[in-house]
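Architecture at a glance
Residues per chain, in single letters:
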Amino acid sequence: MEGLISLKTTPRIAFSALNQRPNKSSIVRSVPTSVMDAHRRNGIAFTPIRAQQSETKDGAATIPPVKEDAETALKVKEWEVGMFHNEVAASQGIRIRRRPLTGPPLHYVGPFEFRIQNEGNTPRNILEEIIWHKDVEVSQLKERRPLFTLKKALENAPPTRDFVGALRAAHQRTGLPGLIAEVKKASPSRGILREDFDPVEIARAYEKGGAACLSVLTDEKYFKGSFENLEAIRSAGVKCPLLCKEFIVDAWQIYYARTKGADAVLLIAAVLPDLDIKYMTKICKMLGLAALVEVHDEREMDRVLGIEGIELIGINNRNLETFKVDISNTKRLLEGERGKIIRQKDIIVVGESGLFTPDDIAYVQEAGVKAVLVGESIVKQSDPGKGITGLFGKDISV
Ligand SMILES: O=C(O)c1ccccc1NCC(=O)[C@H](O)[C@H](O)COP(=O)(O)O
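Below: a short report on this structure. (Residues numbered from 1 in each chain as written. Predicted model: local features only at pLDDT ≥ 70, side-chain atom pairs only at ≥ 80, totals over all residues.)

Quick notes on the overall build of the chain
Within the chain, the regular secondary structure consists of 17 helices and 15 strands. Going through the 398 residues of the chain one by one, you find that 38% of them count as buried. Across the chain, the fraction of contacts at a sequence separation of at least 24, relative to all contacts at a separation of at least 6, is 69%. (Helix = DSSP H or I, 4+ residues; strand = E, 2+ residues; numbered from the N terminus. Buried ≥ 20, exposed ≤ 12 C-beta atoms within 10 Å, placed from the backbone. Contact = placed C-beta atoms within 7 Å.)

Concerning the site of the ligand
Looking at the ligand, there are 21 residues lining it, with Ser187, Ser189, Ser353, Gly375 and Glu376 nearest. Listing elements by their share of the shell around the ligand, those giving two or more residues are helix H5 (126-144), strand E15 (371-374) and helix H16 (376-379). Looking at the shell around the ligand residue by residue, the classes come out as eight nonpolar, seven polar and six charged. (Near = placed C-beta within 6 Å. Nonpolar A, V, L, I, M, F, W, Y, C, P; charged D, E, K, R; others polar.)

A word on helix H14 (residues 336-345)
In terms of burial, H14 is a largely surface element, one of the 10 residues being buried. The first or second residue beyond H14 is Asp346, which carries a positive phi of 55°.

Some thoughts on unusual backbone geometry
Non-glycine residue Phe323 carries a positive phi angle of around 75°. Checked against the element boundaries, Phe323 lands in the loop between strand E13 (312-316) and helix H13 (328-334).

Structural notes on helix H10 (residues 252-259)
Where burial is concerned, most of H10 is hidden: seven out of the eight residues are buried. The elements touched by buried residues of H10 are H5, helix H6 (147-153), strand E10 (242-245), strand E11 (264-268) and helix H11 (274-287). Two residues or fewer after H10 comes Gly261, characterised by a positive phi angle close to 100°.

Quick word on the pairing of strand E14 (residues 348-352)
Where burial is concerned, most of E14 is hidden: five out of the five residues are buried. Neither face of E14 is open: one carries Ile348, Val350 and Glu352, the other Val349 and Gly351, and all of them are buried. When E13 meets E14, the two strands line up parallel, connected through five bridges. Along E14, the bridge assignment pairs Asn316 with Glu352. Bridge count for E14 against E15 is three bridges, and the pairing is parallel. Across the sheet, Gly351 pairs through a bridge with Val372, a residue of E15. Following the chain from E14 across helix H15 (residues 358-367) to the adjacent parallel E15, one finds a crossover that is right-handed. (Pairing = 2+ DSSP bridges. Right-handed = clockwise from strand over helix to strand, strands pointing away.)

Comments concerning the sheet that holds strand E6 (residues 178-183)
Pairing is parallel in the closed barrel, where eight strands are placed in the order E6-E9-E10-E11-E12-E13-E14-E15. This sheet shows a mean twist of 25° between the axes of neighbouring strands, independent of strand direction. Across four bridges, strand E12 (residues 290-295) lies against E13 in parallel orientation. Pairing of Leu292 across the sheet is with Leu312, part of E13. Strand contacts of helix H7 (residues 163-174): E6, strand E9 (213-217), E10, E11, E12, E13, E14 and E15, with the helix running at about 125° to E6, the strand carrying the most contacts. (Axes fitted to C-alpha atoms, helices over the stretch in contact; angles between N-to-C directions.)

Observations regarding the pairing of strand E5 (residues 112-117)
Alignment of strand E4 (residues 106-109) against E5, held across four bridges, turns out to be antiparallel. Pairing of His107 across the sheet is with Phe114, part of E5.

Quick word on the nonpolar core
Among the nonpolar cores identified, the biggest contains 91 residues, and Ile180, Leu214, Leu243, Val265, Ala291 and Val372 are the most heavily contacted of them. When sequence neighbours within four positions are dropped, the list of residues in contact with Val265 reads Cys244, Glu246, Ile248, Ile254, Ala257, Cys284, Leu289 and Ala291. (Core = buried A, V, L, I, M, F, W, Y, C linked by C-beta atoms within 7 Å.)

Shown next, in the form of structure tokens:
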């Protein structure tokens, strides 16, 4: 379904200038039919672009000559790569599409300029919206800090700590799942969780309360987190290894997280095709980072179990497309053959989201997790360290 999302007047003088941009017309002409077909199958509208026409003095339309320049060729290439990404992802059952590079097409009617919203250029759910926003954010950050400068900055990054080892040790020490305590100010599903939010103070309280590791949200727009928070916690001397809780769409972000002091990163199977997960876990190994690979359903779990070298799998009880939380998800995904493979491979499973009580912890432990990732229920407590004691029903710091 199509709808109008923005409408603004453009001065007459700009209109004819806009109409003469040669790049748009050459993009349309350069796209192979197979790609256009694939685009249509993905629900992305392929609008013939009116900018191919320009007006002569007497108002008659003419077709301007098409210039095939390097910039255009590059744009077409990028567009095709984005397209193929969606095709490959869809074949693996991934519903989250990547942002179309051009955004909603501009249309011109007289002095008006407007954009048409349709299924192809509008995010279908909150996770897709976050990912499309992240695509733009990362491409801007990459321009400011290209990979080679990050690689240089790695020399000054603090050393990595053993994230997986800390979870195993906590599990062995307490007989309970090792805790990854989340430093989370807000979320799309719950809004602001804590007004008086001091990330370092919360991190220290978690450490004192017995957390094995911490998860620090770095997304600003949707979670009110930041890389400054991650850096501040790391340089404050908190010993717990740190997970950079980000929406990773590009390997560049892994390097960036490392320069800010991360010991682990999150890779979301609902967003990343298998090849990206394989490539990114290799980069993590190279940088000494742990990769927490997150799944939500059986298909994602099976994909991840098919990838060599995965040590840490998170089962998110929250559906990131609908926000529905159901902790029986953890149990369902660990039943039967899947649980057996996980035990054989000695993979640590982390139960994530919606855990509030000692009964919830016992339930996911019974299902087979050796670690849990908890945000809301502990960050909201006036003393988040005591919140941990409440969550586990006992003091796990001793
Ligand atoms: O928490 C959300 O609303 C959310 C929305 C969209 C994408 C991700 C989201 N959360 C990430 C998480 O899964 C949680 O922060 C984490 O597992 C802790 O969950 P909780 O203990 O329920 O705060």
